[in-house]
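Survey of secondary and tertiary structure
Listed here are the chains, written in short residue letters.
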Amino acid sequence: MRGREGVDSRQNRPRAFSLGELAERVGGEVVGDPAIEIEGPGSLAGARAGQISHLSHAAYRDKLATTGASAVILRPDDLAGCPTNALVVANPYHAFARVSQLWDDPPPLNRGIHPSADVHPGASIHQAARIGPNVVVGPDTEVAPGVRVYANAVIGPRCRLDEDVRLMANATLYADVKLGARTVVHSNSVIGSDGFGYAPDANGRLEAIAQLGGVTVGRDVSIGSGTTIDRGAIDDTVIEDGVKIDNQVQIGHNCRVGAHSLICGCVGLVGSTTVGRHCVLAGMVGVGGDRPIDICDHVTVSGVTHVAGSITEPGTYAGGTIHDRMRPWKRNALRFQRLDELFKRVTRLERKIR
Amino acid sequence: MRGREGVDSRQNRPRAFSLGELAERVGGEVVGDPAIEIEGPGSLAGARAGQISHLSHAAYRDKLATTGASAVILRPDDLAGCPTNALVVANPYHAFARVSQLWDDPPPLNRGIHPSADVHPGASIHQAARIGPNVVVGPDTEVAPGVRVYANAVIGPRCRLDEDVRLMANATLYADVKLGARTVVHSNSVIGSDGFGYAPDANGRLEAIAQLGGVTVGRDVSIGSGTTIDRGAIDDTVIEDGVKIDNQVQIGHNCRVGAHSLICGCVGLVGSTTVGRHCVLAGMVGVGGDRPIDICDHVTVSGVTHVAGSITEPGTYAGGTIHDRMRPWKRNALRFQRLDELFKRVTRLERKIR
Amino acid sequence: MRGREGVDSRQNRPRAFSLGELAERVGGEVVGDPAIEIEGPGSLAGARAGQISHLSHAAYRDKLATTGASAVILRPDDLAGCPTNALVVANPYHAFARVSQLWDDPPPLNRGIHPSADVHPGASIHQAARIGPNVVVGPDTEVAPGVRVYANAVIGPRCRLDEDVRLMANATLYADVKLGARTVVHSNSVIGSDGFGYAPDANGRLEAIAQLGGVTVGRDVSIGSGTTIDRGAIDDTVIEDGVKIDNQVQIGHNCRVGAHSLICGCVGLVGSTTVGRHCVLAGMVGVGGDRPIDICDHVTVSGVTHVAGSITEPGTYAGGTIHDRMRPWKRNALRFQRLDELFKRVTRLERKIR
């Protein structure tokens with residue numbers, strides 16, 4: 001990518017692109033001056049000269065007239081209200097995402113293996129990979145070209161990191177973890193630790209079921225900071241291509257998350273859950289019940305919902321209650337514990353009246 | 001253990017055991033060929049020749065007839081339907097757990113102290129312990145024989161790691177943490193960081209209460225990845241023998257978790273909570289209220305429940321609501337905020353009718 | 001601080017202070033013997049000779065008569081019932097906090113840069129800072145005097161750590177993170193990783209919005225273990241002065257947390273949330289809804305509450321339900337899904353009766 005190479009040569013000067021270049025890159029049309037130089041993205045309300053912003057949602061339309069941006073990515077319908085140069089596309093948010101990535105700036109890391117890294121002689125590191133300080137790599141692990149492993153990350157035996165994978169500082173991979181091309185694992189995440197399975201004896205003492213599987217992560221996956229994904233008991237835990245997982249998500253052993261799904265912060269999936277393709281689990285959703293849960297494709301679950309059983313139809317789901325003042329909440333929460341009784345009282349009343 | 005020694009000599013060949021050997025090990029009876037070689041565990045539905053499976057739950061009984069396993073661990077009652085060799089025991093799940101452990105395969109680690117480790121001269125490391133690369137050990141810490149401390153883990157001052165403890169990569173122990181024999185702490189967990197106690201002044205500025213206690217963890221405890229257990233304010237936070245804690249659990253200062261309890265993923269215990277022996281807190285349970293909470297022995301709490309007060313009788317508890325389609329959920333959640341009023345309306349109706 | 005210096009010279013002997021010294025330090029009055037030596041804090045019920053305790057809450061008043069403490073910090077009103085030396089103040093809990101800090105004992109760390117640390121030549125480390133083993137520091141990062149960076153922590157490019165900041169073992173800072181004076185970041189926390197923003201294309205494939213902002217953390221902030229705070233998309237995520245954040249808290253990109261607020265364990269804030277000053281979010285509170293949420297100053301939210309919309313008036317808020325026995329809970333939870341219908345049934349009854 002031209003922009004990224006630019007970072008080495010220009011050092012601390014911001015990278016700049018002409019609006020025309022950006023339009024070509026995202027397949028849009030310039031209305032205004034295609035030669036104007038863009039030095040970075042900005043929000044519609046906060047952008048200043050040299051920045052490009054976007055109008056993707058009707059809720060922000062009133063901010064368009066007064067934007068200080070040098071260009072705005074927008075739909076044809078919004079062109080009339082645009083006070084500055086426009087980059088017209090069908091999907092402004094997606095185009096803005098692609099444009100913004102030109103200024104993405106991963107921390108620097110030298111090519112080759114840092115002298116303080118401890119790489120097992122049985123590991124195979126491509127010479128175009130970058131292995132940072134104090135990184136530890138176990139036997140029989142393969143690291144492809146373009147991979148970046150940042151400081152103090154640890155990789156166990158028999159792992160495979162495909163092209164351009166990024167493993168950020170202090171992340172940990174146990175044994176038998178495969179990461180597909182371009183996948184990113186953020187700091188202090190742990191992939192492949194033992195699943196949670198115990199069998200009690202007659203006295204309630206707990207004996208561990210050995211966890212012998214691995215974790216297979218597809219291509220273009222992102223895994224946030226402080227997230228944990230356990231290895232399977234026998235087969236692998238699987239995260240399919242294009243899945244995006246936020247921070248502090250917990251994924252139990254033998255789960256499968258379908259391609260292009262979004263798993264937001266603090267979600268927990270109990271072991272053996274399957275989530276379909278193109279799903280969205282919003283923040284703090286908890287999935288788990290009496291038996292393994294399957295969520296079908298194209299399901300959206302809103303935040304802080306307990307998914308207690310399988311979902312077999314696409315759509316939007318929710319649960320829980322909404323915050324309230326402490327006092328009325330307490331009265332209502334106590335009444336909740338007698339809700340079944342209330343239903344029966346109403347039924348009795350209805351009978352009497354009939 | 002014979003099986004584990006085997007790993008060094010046989011290298012990449014799977015360890016194998018005769019079914020007769022396994023039966024002896026778990027005190028069961030072979031029905032079929034005791035000489036058949038077993039090379040690993042498998043699920044009833046997925047096992048192939050050379051694998052051993054188990055039938056522990058009636059729900060899986062229909063999978064028995066078509067299993068590809070070379071042997072199945074089961075109860076006498078299920079023997080009639082078994083199409084292959086059987087290992088008959090009273091508690092198949094427990095026997096399967098013990099058998100599966102023969103193939104457990106902790107990451108390799110060389111004996112002795114890795115040259116890159118930084119061990120304080122005032123620490124005492126037994127020569128039969130294994131200290132991995134970039135491990136840091138503080139003063140006055142004692143490490144017993146058989147202990148394995150994996151790469152980049154950090155151990156503070158005045159800790160004690162008893163026989164065969166395993167501290168996985170990137171885990172952190174603060175000062176004054178004691179881990180009993182055979183206890184495992186998974187990666188990126190933190191034990192002994194400061195409890196959360198603050199006193200406001202007249203202007204609402206918060207002054208920290210110094211946290212001066214430690215953490216005492218018993219024997220045979222397992223602590224998952226990304227879990228945090230705070231040190232006590234004055235006395236120690238205590239985790240008793242045989243407790244199993246999953247990933248991303250948060251245990252506040254001065255908690256005590258009773259022996260042989262299971263704490264599942266994402267559970268949070270507010271400071272000074274006590275959990276009894278043989279309890280099960282399922283995923284995302286939150287324990288905390290106006291005052292310190294005590295949960296007695298033999299309590300099971302199902303997932304995503306808020307335990308807002310003490311539980312004084314054994315049994316199974318639950319809370320929260322169940323997921324629903326977004327639209328009906330929203331209507332019901334708004335009605336919840338007027339539930340107390342509804343009770344009063346029904347009471348008035350009842351009076352009128354009487 | 002005198003007490004802290006004492007640790008070096010006296011080694012393993014406890015530091016001691018006369019009660020008179022303590023009174024001077026917190027601006028209180030001694031009733032009893034000001035010369036008595038105090039060697040540490042204790043709880044009212046558990047303290048022994050040489051320890052100082054406090055009576056801050058009426059609930060503990062019955063423990064005063066039998067305390068074994070050598071001194072008790074209390075209000076004038078409670079003086080009559082005190083069987084030992086008293087330190088009389090207006091705010092005993094706050095005075096106890098300040099006194100307890102005299103025995104605070106951060107893990108030892110040598111002055112200067114440990115030889116195993118990897119500090120970029122473009123970083124600037126003050127000679128009165130302490131950089132521990134295997135620490136990695138990126139280019140253009142500035143570290144002020146008195147800063148302590150413990151073992152295996154990693155600091156990205158362009159960070160700034162002001163006077164007396166403590167970064168504990170295995171913590172990770174990405175690029176562009178500023179930490180104000182005296183701020184503490186506990187182990188395995190991650191500050192500055194990428195915010196979670198994705199734009200779908202027409203086929204539901206997710207394209208990342210580049211995250212280009214940083215994180216600005218004020219002075220006297222505490223950030224617990226395993227906590228994650230994402231960098232802003234364009235502007236910084238901001239944590240103001242004096243905020244105290246517990247373990248395993250997740251703070252999304254572009255959030256702002258107001259000065260002197262308390263964020264307890266396992267709280268999650270979706271991106272672009274603002275929390276006011278002097279707020280308290282108790283454990284496992286989840287904040288997130290259809291649009292960005294603002295919580296005004298002086299709001300307290302009790303544990304395990306879902307804040308689904310903005311809060312514009314100070315006060316105490318709550319949500320969720322309370323645990324119950326499994327069977328009645330299940331009946332009630334199923335009824336909840338027909339609550340709106342019940343309201344309508346009651347309304348019909350009321351009409352009929354009128």
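The written sequence of each chain sets the order in which its residues are numbered from 1. Starting at A for chains and at 1 for ligands, labels are handed out in the order in which the entities are written. pLDDT decides what is reported in this predicted model: residues at 70 or higher carry local features, side-chain atom pairs at 80 or more are listed and counted, and totals for whole chains, interfaces and linings draw on all residues regardless. Calculated side-chain values reflect all of the structure's heavy atoms, with hydrogen atoms and water omitted.

1. Overview of the sheet that holds strand 4 (residues 40-41) of chain B
Residue and element names in this part refer to chain B. Spelled out, the test is: At least two DSSP bridges between two strands are required for those strands to pair. Per the convention used, a helix needs a DSSP run of H or I reaching at least four residues, while a strand needs a run of E reaching at least two, with both numbered from the N terminus. Contacts are assigned to residue pairs with any non-hydrogen atoms lying within 4.5 Å of each other. Only C-alpha atoms enter the line fits that serve as axes; for helices the fit covers just the stretch in contact. Angles between N-to-C directions range over 0 to 180 degrees.
Strand order in this open sheet of five strands is 2-7-6-5-4, and the pairing throughout is mixed. If you trace the sheet from one side to the other, it starts and ends with strand 2 (29-31) and strand 4, each paired once. Across four bridges, strand 6 (residues 71-74) lies against strand 7 (residues 85-88) in parallel orientation. Within the sheet, the bridge partner assigned to Val 72 lies in strand 7 and is Ala 86. Strands in contact with helix 2 (residues 19-26) are strand 2, strand 5 (51-54), strand 6 and strand 7; relative to strand 7, the strand with the most contacts, it is inclined by about 15 degrees. Sheet strands in contact with helix 3 (residues 92-100) are strand 4, strand 5 and strand 6, and its direction is about 150 degrees off that of strand 5.

2. A few points about the packing of helix 2 (residues 19-26) of chain C against helix 3 (residues 92-100) of chain C
In helix packing, the relevant descriptors are the interaxial angle and the interaxial distance, both defined with respect to the helix axes. Residue and element names in this part refer to chain C. Selection criterion: Each crossing gets its hand from how the near helix is turned against the far one by less than a right angle, where anticlockwise is left-handed and clockwise is right-handed.
Viewed as axis vectors pointing N to C, helix 2 and helix 3 meet at an angle of 115 degrees, and their least axial separation amounts to 10 Å. The interaxial crossing formed by helix 2 with helix 3 has right-handed handedness. Between helix 2 and helix 3, the residues in contact are Leu 22, Arg 25 and Val 26 and Ala 95, Arg 98 and Val 99, respectively.

3. Observations concerning the relation of the copies chain C and chain B
Quick reminder of the rule: For the least-squares superposition of copies, only C-alpha atoms count, and only for residues with pLDDT at least 70 in both.
Here chain C sits on chain B after a turn of 120 degrees about the axis and a move of 0.0 Å along it, with an RMSD of 0.0 Å. Taken together, the turn and the small shift mark the pair as related by a three-fold rotation axis.

4. Structural notes on the packing of helix 5 (residues 339-353) of chain B against helix 5 (residues 339-353) of chain C
Our working definition: Charged residues are taken to be Asp, Glu, Lys and Arg, nonpolar residues to be Ala, Val, Leu, Ile, Met, Phe, Trp, Tyr, Cys and Pro, and polar residues to be all remaining types, Gly included.
Close contact between helix 5 of chain B and helix 5 of chain C brings their axes to 11 Å; oriented N to C, the two are set at 35 degrees. In the packing of helix 5 of chain B onto helix 5 of chain C, the handedness of the crossing is left-handed. Mapping the contact onto sequence places Leu 339, Leu 342, Arg 345, Val 346, Leu 349, Lys 352 and Ile 353 of chain B in helix 5 of chain B and Leu 339, Leu 342, Phe 343, Val 346, Thr 347, Leu 349, Glu 350 and Ile 353 of chain C in helix 5 of chain C. The class makeup of the residues in the contact of helix 5 of chain B with helix 5 of chain C is 11 nonpolar, one polar and three charged.

5. What about the interface of chain C and chain B?
The following threshold applies: Note: buried area is the sum, over both parts, of the accessible area (probe 1.4 Å) each one loses when the two are combined. Whenever a carboxyl oxygen of Asp or Glu lies within 4 Å of a side-chain nitrogen of Lys or Arg, that contact is scored as a salt bridge. Polar contacts here mean pairs of N or O atoms no more than 3.5 Å apart (in protein, one a potential hydrogen donor and the other a potential acceptor; neighbouring residues in sequence count only if both atoms are side-chain atoms).
The interface is formed by 70 residues belonging to chain C together with 81 residues belonging to chain B. Of the roughly 6,100 Å² buried between chain C and chain B, counting both surfaces, carbon and sulfur atoms make up 60%. For chain C, the biggest contributors to the area lost against chain B are His 323, Phe 336 and Phe 343 of chain C; these three give 12% of the whole. Linking Glu 313 of chain B and Arg 325 of chain C is a salt bridge whose minimum nitrogen-to-oxygen distance equals 3.2 Å. Run the count over chain C and chain B and you get 43 residue pairs in polar contact (both at pLDDT 80 or more). Here the side of chain C that touches chain B gets 10 residues from one element, more than from any other, and that element is helix 5 of chain C. Counted by class, the side of chain C that touches chain B contains 30 nonpolar, 28 polar and 12 charged residues. Pairing of strand 39 (residues 315-318) of chain B with strand 40 (residues 324-325) of chain C involves two bridges; the strand directions are antiparallel. Of the residues in strand 40 of chain C, the one forming a bridge with Ala 318 of chain B is Asp 324 of chain C.

6. Focus on the packing of aromatic side chains
Applied cut-off: Each aromatic pair joins two rings of Phe, Tyr and Trp (for Trp, the six-membered one) with centres within 6.5 Å, and gets the label stacked for planes under 30 degrees apart, edge-to-face for over 60, and tilted for any other angle. Any residue under 20% of the maximum accessible area for its type is buried, any over 50% is exposed, and the rest in between are partly exposed; the area is computed with a 1.4 Å probe on protein chains only.
Per the counting criterion, the structure on display carries nine aromatic pairs over all chains. Look at Phe 196 of chain B and Tyr 198 of chain B: their rings are 5.2 Å apart centre to centre, the planes differ by 75 degrees, and that puts the pair in the edge-to-face class. Side by side, Phe 196 of chain B and Tyr 198 of chain B carry an identical accessibility label, which is buried. Ring pairing ties together the aromatic residues Phe 336 of chain A, Phe 336 of chain B together with Phe 336 of chain C, which thus form one cluster.

7. Describing helix 5 of chain C
Stated precisely, the cut-off is as follows: In a helix, the anticipated span is given by 1.5 Å times the number of residues less one.
Given a rise of 1.5 Å per residue, 15 residues ought to cover 21 Å, and the 21 Å separating the end C-alpha atoms of helix 5 of chain C matches this to within 8%. Within the sequence span of helix 5 of chain C, burial applies to Leu 339, Asp 340, Leu 342, Phe 343, Arg 345, Val 346, Leu 349 and Glu 350 of chain C. On its buried side, helix 5 of chain C packs onto helix 5 (339-353) of chain A, helix 4 (326-336) and helix 5 of chain B together with helix 4 (326-336) of chain C.

8. Points about the interface of chain C and chain A
Chain C puts 81 residues into the contact, and the matching count from chain A is 70 residues. Between chain C and chain A lies a buried interface of about 6,100 Å² when both sides are counted; carbon and sulfur atoms form 61% of it. By the criterion of area lost to chain A, the three top residues of chain C are Phe 196, His 306 and Arg 335 of chain C, representing 11% of everything that side buries. Its salt-bridge partner being Arg 331 of chain C, residue Asp 340 of chain A comes within 3.3 Å of it at the nearest N-O pair. The interface formed by chain C and chain A holds 43 residue pairs in polar contact (both at pLDDT 80 or more) in total. The set of elements that each furnish at least two residues to the side of chain C that touches chain A consists of strand 21 (190-193), strand 22 (198-200), strand 23 (206-208), strand 26 (228-230), strand 38 (306-307), strand 39 (315-318), helix 4 and helix 5 of chain C. When the residues that make up the side of chain C that touches chain A are grouped by side-chain class, the tally is 38 nonpolar, 28 polar and 15 charged.

9. Side note on the pairing of strand 6 of chain B
Residue and element names in this part refer to chain B. The alternating pattern of strand 6 places Ala 71 and Ile 73 on one face and Val 72 and Leu 74 on the opposite face, and all of these are buried. As defined by bridge partners, strand 5 adjoins strand 6 across three bridges and the pair is classed as parallel. Each residue of the ladder has a partner; that of Ile 52, found in strand 6, is Ala 71.

10. Considerations on the confidence of the model for chain A
Residue and element names in this part refer to chain A. Our working definition: Confidence scores labelled pLDDT are given residue by residue by the predictor and lie between 0 and 100.
Averaged over every residue, the pLDDT of chain A is 95; residues scoring 70 or more account for 96%. In the model, residues 1-11 has pLDDT below 50 throughout and makes 16 contacts with residues more than four positions away in sequence or in other chains. On the interface metric, ipTM, the complex scores 0.95, and its pTM is 0.96.

11. Considering unusual backbone geometry
When glycine is set aside, most residues are seen to have a negative phi, and most peptide bonds are trans. Residue and element names in this part refer to chain A. Positive phi values are uncommon outside glycine, yet Asp 220 reaches one of about 60 degrees. With respect to the secondary-structure elements, Asp 220 resides in the loop between strand 24 (215-217) and strand 25 (222-223). You can call Asp 220 partly exposed: its relative accessible area is 31%.

12. Let's talk about the side chain of His 186 of chain A
Relative to the assigned elements, His 186 of chain A resides in the loop between strand 20 (184-185) and strand 21 (190-193). For His 186 of chain A, the contacting residues outside a window of four places in its chain are Met 168, Ala 171, Ser 222, Ile 223, Gly 224 and Ser 225 of chain A together with Tyr 174, Ser 193 and Asp 194 of chain C.

13. Section: the sheet that holds strand 2 (residues 29-31) of chain A
Residue and element names in this part refer to chain A. Across the sheet, which stays open at both edges, the five strands sit in the order 2-7-6-5-4 with mixed pairing between neighbours. Looking at which strands have only one partner, the edges of the open sheet turn out to be strand 2 and strand 4 (40-41). Bridging between strand 4 and strand 5 (residues 51-54) involves two bridges; their strand directions are parallel. Paired with Gly 40 across the two strands is Gln 51, which belongs to strand 5. Across the sheet, helix 2 (residues 19-26) is in contact with strand 2, strand 5, strand 6 (71-74) and strand 7 (85-88); its angle to strand 7 comes to roughly 15 degrees. Packed onto the sheet, helix 3 (residues 92-100) meets strand 4, strand 5 and strand 6 and runs at close to 150 degrees relative to strand 5.

14. Digging into the pairing of strand 7 (residues 85-88) of chain C
All names here are of chain C. Of the two faces of strand 7, the one holding Asn 85 and Leu 87 and the one holding Ala 86 and Val 88 are both buried throughout. Note that strand 2 (residues 29-31) and strand 7 share three bridges and pair antiparallel. Residue pairing in the sheet places Glu 29 in a bridge with Val 88 of strand 7.

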